[in-house]
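In case you want the letters, here they are:
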Amino acid sequence: MGRSSRSHRAFLRRAVRYLIRLGVRQFLDLGSGIPTAGHVHHTAHAVDPGCRVVYVDSDPVAVDDGRALVGQDERVAMLQADFRQADDVLSAPDCRALLHPDQPTAVLLIDSLPYVSDADHPEQILTTYRRMLGPGNYLALSHGCPDDELAAGFARFERLFGIPIPPLVLRDADQIAGLLTAFELLEPNIVTVPQWHPDGDLHAHPEKFPGLAALARTG
């Protein structure tokens, strides 16, 4: 895991602990990948073993590996679905069993939205989750932003390994704010990933990190 990925994962852990302090005990992690050590349920259960977590990913290999890691834990589920289809996700039996509509839920999008093109209308996807979950819920996201050094790194990777980087949409702070118009942004609003409630995630120049983070609440 590269330094950038580690920073996004560190933000995930900080956000989960922060949300638990706000009273959240159920989490919906969209585009989760494989829930390895330090993921949502590890972090949440270290604070409150009663927390419930639903992981969502479209990759069948990631889902199979995730289910093996989760095992028989009845507080955690791994769902194979396209998170862009909010209706399908939230109506799935695992979501209905673990995410109680009368309790606050936190939707987590940790560096997942760069894989959603503008043509797929990411702002409508987020608005659908907000509408279906109702008031009193939360959205935590991190998102890669345009950066010359990051672009150069991608180009070097492709030259060295001959493997094309999957299409990514990197968005700046204004574009991310545009995705969150249906939500109430919480302090410190949209900042770089290591600047969001920092807790030992040391960077020489955190303001230059090529990724942004935010926490928002449904109205």
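It should be emphasised that the depicted structure is a prediction, and the values quoted were computed from it without experimental measurement. (Residues numbered from 1 in each chain as written. Predicted model: local features only at pLDDT ≥ 70, side-chain atom pairs only at ≥ 80, totals over all residues. Heavy atoms only, no water.)

As for unusual backbone geometry
A cis amide bond, omega 5°, links Glu187 with the succeeding residue Pro188. With respect to the helices and strands, Pro188 occurs in the loop between strand 6 (183–185) and strand 7 (191–192). Here Asn189, not a glycine, exhibits a phi torsion of approximately 65°, which is positive. Within the fold, Asn189 resides in the loop between strand 6 and strand 7. With a phi close to 40°, His197 is a non-glycine residue in the positive phi region. If you trace the backbone, His197 turns up in the loop between strand 7 and strand 8 (211–218). (Helix = DSSP H or I, 4+ residues; strand = E, 2+ residues; numbered from the N terminus.)

A word on the pairing of strand 5 (residues 138–144)
When you tally the buried positions in strand 5, you get 7 out of 7 residues, the bulk of the element. The side-chain alternation of strand 5 yields two buried faces, one formed by Tyr138, Ala140, Ser142 and Gly144 and the other by Leu139, Leu141 and His143. Inspection of the sheet shows strand 4 (residues 105–110) paired to strand 5 by 5 bridges, in the parallel sense. Following the sheet pairing, Leu108 is matched in strand 5 by Ala140. Taken together, strand 4, helix 6 (residues 122–133) and strand 5 constitute a β-α-β crossover, and its handedness is right-handed. Sheet topology note: the strand 5/strand 8 ladder contains 7 bridges and is antiparallel. Following the sheet pairing, His143 is matched in strand 8 by Leu212. (Buried < 20%, exposed > 50% of the residue type's maximum accessible area, 1.4 Å probe, protein only. Pairing = 2+ DSSP bridges. Right-handed = clockwise from strand over helix to strand, strands pointing away.)

Functional significance is not addressed by these values, which are geometric in nature.
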